[in-house]
Amino acid sequence: MEKSLGYDYDIFFSYKRHPKTDPWFLALVENLEPWISHELHREASIFIDQEDIKTGAKWRRKISESLKKSRCIVCIWSPLYFESKWCVAEWESFVQRCQLFNCELIVPARYFDGQHYPDLAKDVESRDFSHYTSLSPRFWDSELFLEFEQKHLKDFAGEVADAVKSAPPYSDEFPIVQDPDDRFMIPRTKIGRPADD
């Protein structure tokens, strides 16, 4: 992996963590990385947060540093993604970098839905992976996975590699968003009894 220009990673993988869906995201990265490496003609380096630390300055510092030291971001979107302050801050950090350097560094895909996204995300072209998401580990050994790989993963890897290649020179001044703009989020839905309102 080239660590030139201060970068440590090619890709920051941004997703909404959940115990039931985390295995699918990890398998996606595992199956995507070889195709990106082929596109780059070298081994790709991907940052994916798998730690159980949910809060605290240490965790935020690690994520912020990894964001800054990544050439591009892959966002796997769902309604829950846009309710997460941390996920949205990751996306918005790269939105600001793209605006500053006039480049395309964000490669999004839809894990679920697409209708219940903030308008700023609806306006962005993204790949639809929702037909291929599954809670079953057997998905990755199925005919449906082979279809997913042929119809989406290889082309998606090319898009990610293009974003990696278009990264601007590294800067310690890359913006890191801590408090995301409400326009990038969807409000959490409060579910309760009528008497609770």
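The paragraphs below set out a description of the structure included in this document. (Residues numbered from 1 in each chain as written. Predicted model: local features only at pLDDT ≥ 70, side-chain atom pairs only at ≥ 80, totals over all residues. Heavy atoms only, no water.)

**What to know about the overall build of the protein**
Step number 1: Broken down by element type, the protein carries five helices and five strands.
Step number 2: Along the protein, from the amino end to the carboxyl end, the secondary structure elements read β-α-β-α-β-α-β-α-β-α.
Step number 3: Looking at the protein as a whole, 49% of its 197 residues qualify as buried.
Step number 4: Sequence-distant contacts, at least 24 apart, represent 75% of the contacts inside the protein between residues at least 6 apart.
Step number 5: With the model as given, the accessible surface of the protein reaches about 11000 Å², and the carbon-plus-sulfur share is 50%. (Helix = DSSP H or I, 4+ residues; strand = E, 2+ residues; numbered from the N terminus. Buried < 20%, exposed > 50% of the residue type's maximum accessible area, 1.4 Å probe, protein only. Contact = heavy atoms within 4.5 Å. Areas by Shrake-Rupley, 256 points an atom, 1.4 Å probe, with all protein chains shown as cover.)

**Quick word on the nonpolar core**
Step number 1: Counting residues in hydrophobic clusters, the biggest one holds 59 residues, and the most contacted among them are I76 and F148.
Step number 2: Residue assignment for this core shows that the elements contributing at least two residues are β1 (9-14), α1 (22-40), β2 (46-48), α2 (57-68), β3 (70-77), α3 (85-101), β4 (106-110) and α5 (143-165).
Step number 3: The greatest single-element share of this core, amounting to nine residues, is contributed by α5.
Step number 4: Beyond its immediate chain neighbours, meaning those up to four positions away, I76 contacts F13, S14, Y15, F25, L28, Y81, A109, Y111 and F129. (Core = buried A, V, L, I, M, F, W, Y, C linked by side-chain atoms within 4.5 Å.)

**Describing unusual backbone geometry**
Step number 1: Look at H41: it is not a glycine, yet its phi comes out positive at around 65°.
Step number 2: In this structure, H41 sits in the loop between α1 and β2.
Step number 3: On the basis of relative accessibility, which here comes to 73%, the residue H41 falls in the exposed class.
Step number 4: For N102, which is not glycine, the phi dihedral falls at a positive 50°.
Step number 5: Considering the arrangement of structural elements, one finds N102 in the loop between α3 and β4.
Step number 6: Accessibility expressed as a relative area gives 72% for N102, which makes it exposed.

**Overview of the pattern of salt bridges**
Step number 1: Under the definition given, this model contains seven salt bridges.
Step number 2: The shortest N-O distance in the salt bridge between D128 and R110 comes to 3.5 Å. Separated by 18 residues along the polypeptide, D128 in strand β5 (residues 127-128) and R110 in strand β4 bring together distant segments of the chain.
Step number 3: Classification of D128 by relative accessible area gives partly exposed; the value is 32%.
Step number 4: Note that E147 and K151 form a salt bridge whose closest N and O atoms lie 3.9 Å from each other. Taken as a pair, E147 and K151 lie in helix α5 at a separation of four residues, close to a single helical turn.
Step number 5: For E147, a relative accessible area of 30% corresponds to the partly exposed category.
Step number 6: Because the salt bridges share partners, they merge into one network encompassing D10, R42 and R71. (Salt bridge = Lys/Arg side-chain N within 4 Å of Asp/Glu carboxyl O.)

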